[in-house]
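# Structure assessment
Chain by chain, the residues:
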Amino acid sequence: MCELMTIAAALVFTVLYFFTRFRTRAVFTTMLMFWGAALMWSVDCAHSLMEGEGLLDLSREDTVLGAIILAAGLAVFFVLAVRERLLARRV
């Protein structure tokens, strides 16, 4: 489940960056972080599949892990966005 959640978050931030007016460094950095997490979880899912397990883990624990990943990524995004606005006000 965390794989699906990180892919969804990466797609949302990709759309925000490329198809809206929110072309900020905070959005770009968060987009790359979520794509990195999605790539990492894709490798983990492929490894699990090669060992004979299921492709996706849809357990409760994996859902909680996905929520923690999303919360951490969004927290980093908000810190970067606030920092970016504070630096823009100084200039």
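Preceding block: the structure.
Summary of the structure given here. (Residues numbered from 1 in each chain as written. Predicted model: local features only at pLDDT ≥ 70, side-chain atom pairs only at ≥ 80, totals over all residues. Heavy atoms only, no water.)

With that settled, the discussion passes to a nonpolar patch on the surface. Residues Met-1, Leu-4, Leu-49, Leu-55, Leu-56 and Leu-58 make up a contiguous nonpolar surface patch of about 530 Å² in total accessible area. With respect to the element layout, Leu-56 can be found in the loop between helix H2 (25–50) and helix H3 (60–90). (Patch = residues over 30% accessible without salt bridge, like charges linked within 9 Å, V, L, I, M, F, W, Y side chains within 5 Å. Areas by Shrake-Rupley, 256 points an atom, 1.4 Å probe, with all protein chains shown as cover. Salt bridge = Lys/Arg side-chain N within 4 Å of Asp/Glu carboxyl O. Helix = DSSP H or I, 4+ residues; strand = E, 2+ residues; numbered from the N terminus.)

Bringing H2 into the picture now. Taking 1.5 Å per residue as the helical rise, H2 with its 26 residues ought to reach 38 Å, and the 38 Å between its terminal C-alpha atoms agrees with that figure. Ala-26, Val-27, Thr-30, Met-31, Phe-34, Ala-37, Ala-38, Trp-41, Cys-45 and Ser-48 are the residues of H2 that are buried. Residues of H2 that are buried in the fold lie against helix H1 (2–19) and H3. Following H2 by one or two positions, Gly-52 adopts a phi angle in the positive range, close to 100°. (Expected span 1.5 Å × (residues − 1). Buried < 20%, exposed > 50% of the residue type's maximum accessible area, 1.4 Å probe, protein only. Contact = heavy atoms within 4.5 Å.)

Turning our eyes to something else, we now look at the packing of aromatic side chains. Summed over the entire model, instances satisfying the criterion amount to five aromatic pairs. Between Phe-13 and Phe-77 the ring centres are 5.2 Å apart and the planes differ by 65°, which places this aromatic pair in the edge-to-face class. Of this pair, Phe-13 sits in helix H1 while Phe-77 sits in helix H3; the two residues are 64 residues apart in sequence, bridging distant segments of the chain. Between the aromatic rings of Tyr-17 and Phe-28, the centroid separation amounts to 5.2 Å while the plane-to-plane angle is 45°, which identifies the pairing as tilted. Pair noted here: Tyr-17 is in helix H1 and Phe-28 is in helix H2, with a separation of 11 residues, a long-range link. Residue classification places Phe-28 among the partly exposed residues on the basis of a relative accessible area of 31%. The structure contains a cluster of three or more aromatic residues connected by ring pairs, namely Phe-13, Phe-34, Phe-77 and Phe-78. The lysine or arginine in question, Arg-23, covers the ring of Tyr-17, its NZ or CZ lying 5.1 Å from the ring centre. (Phe/Tyr/Trp six-rings, centres within 6.5 Å; stacked < 30°, edge-to-face > 60°. Lys NZ or Arg CZ within 6 Å of the ring centre and 35° of its normal.)

Together, Asp-44, Glu-51, Glu-53, Asp-57 and Glu-61 give the surface a local cluster of negative charge. Structurally, Asp-44 can be placed in helix H2. (Lys, Arg positive; Asp, Glu negative; His and termini not counted. Charge placed at Lys NZ, Arg CZ, Asp CG, Glu CD.)

A few words now on H1. Compared with the 26 Å implied by 1.5 Å per residue over 18 residues, the 25 Å span of H1 between its first and last C-alpha is a close match. On its buried face, H1 is in contact with H2 and H3.

Relative to the elements of secondary structure, Gly-66 occurs in helix H3. Along the primary structure Gly-66 and Gly-52 are separated by 14 residues, whereas in three dimensions their C-alpha atoms are 22 Å apart. If we ignore the near neighbours within four places in the chain, the residues touching Gly-66 are Cys-2 and Met-5.

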